[in-house]
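Results of the structural survey
If you want the building blocks of each chain, they are given just below.
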Amino acid sequence: MTPYVLVLYYSQYGTTKEMAYAIAQGIEDAGISARIRTVPKVAPETVTASPAIPDDGDLYCTMDDLKNCMGLALGSPTHFGNMASPMKYFWDSTVTLWLAGNLQNKPACVFTSTGTMHGGQETTLLSMMMPLLHHGMILLGVPYSEPELNRTTRGGTPYGATHVSGAKHDHPMTNDERVLAIAQGKRLGITAQALCTASW
């Protein structure tokens, strides 16, 4: 199997998906394959299960996709300062991987998008870090050696790449936001390759 870093996201309006592809670009710039996956929507009352393969867009993530990755970039839009429920639902189903320690010592990073400047970006990033820490993953942020982190006037945090999409989710990513997302992906890709030879 070709080694890969998993980019796992949920996106309601397409802005978090756009970030996922920028991060994937950075991973591949580091010389490693990026595998992009998403999670299905959840509903208060489930009448029928989502198909295993969506009608369009990216494939749904499987436990094998997660288990076999060299590293993980995890993204979700902000829902009241927290990760979206479809992503939380997915992580609540990963107990078997946790018991087996399948994600221990693998690098990970997080990213998010919000409709407003102070819409809970950092709390959402922190909420996504919690299950990764419980799985024993090694978390990476965005260092201030990236000049765009000091220059950005919209998204971008040391906790992870972010994007401010506007109240109608129609604001495109700024150049600074895109550069930071790519840089985060590249840092993840380089770290994943370095850690795969480590003796734990």
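Placed above this text is the structure.
Residues numbered from 1 in each chain as written. Predicted model: local features only at pLDDT ≥ 70, side-chain atom pairs only at ≥ 80, totals over all residues. Heavy atoms only, no water.

Attention shifts here to the pairing of strand 3 (residues 71-79). One face of the sheet, then the other: side chains in a regular strand alternate in exactly this way. The element strand 3 is largely enclosed, with a buried count of eight among its nine residues. Summarising the sheet, strand 1 (residues 4-9) and strand 3 pair through five bridges and their orientation is parallel. Opposite L8, over in strand 3, you have L74 as the bridge partner. Relative to strand 5 (residues 107-114), strand 3 is paired through six bridges, and the arrangement is parallel. When the bridges of strand 5 are listed, P77 appears paired with S113. The pairing of strand 3 with strand 4 (residues 82-83) spans two bridges and is antiparallel. Its bridge partner being in strand 4, T78 is matched across the sheet by M83. Hairpin connection between strand 3 and strand 4: a loop of two residues separates the two successive antiparallel strands, and F80 in this loop has a positive phi of roughly 55°. (Buried < 20%, exposed > 50% of the residue type's maximum accessible area, 1.4 Å probe, protein only. Helix = DSSP H or I, 4+ residues; strand = E, 2+ residues; numbered from the N terminus. Pairing = 2+ DSSP bridges.)

Positionally, T116 belongs in the loop between strand 5 and helix 5 (121-134). For T116, a relative accessible area of 43% corresponds to the partly exposed category. Along the primary structure T116 and H169 are separated by 53 residues, whereas in three dimensions their C-alpha atoms are 9.3 Å apart.

Right, let's talk about the packing of aromatic side chains for a bit. This structure, assessed with the given rule, holds one aromatic pair. Centre to centre, the rings of F90 and W91 are 5.9 Å apart; their planes meet at 85°, and the pair counts as edge-to-face. The class of F90 is buried, set by a relative accessible area of 8%. A relative accessible area of 5% places W91 in the buried class. The lysine or arginine in question, R35, covers the ring of Y4, its NZ or CZ lying 3.7 Å from the ring centre. (Phe/Tyr/Trp six-rings, centres within 6.5 Å; stacked < 30°, edge-to-face > 60°. Lys NZ or Arg CZ within 6 Å of the ring centre and 35° of its normal.)

Turning to the nonpolar core, a few remarks are in order. If you look at the biggest cluster of nonpolar residues, it comprises 24 residues, and the most contacted ones within it are L8, L72, L74 and W91. When contributions to this core are tallied by element, the ones reaching two or more residues are strand 1, strand 3, helix 3 (85-92), strand 5 and helix 5. Sorting elements by how many residues they give to this core places helix 5 first, with four residues. In contact with W91, not counting residues within four places along its chain, are L8, L66, L72, L74, L103, P131, L132 and H135. Core analysis: the second largest hydrophobic core is formed by 23 residues, V5, A22, L140 and A192 among them. (Core = buried A, V, L, I, M, F, W, Y, C linked by side-chain atoms within 4.5 Å. Contact = heavy atoms within 4.5 Å.)

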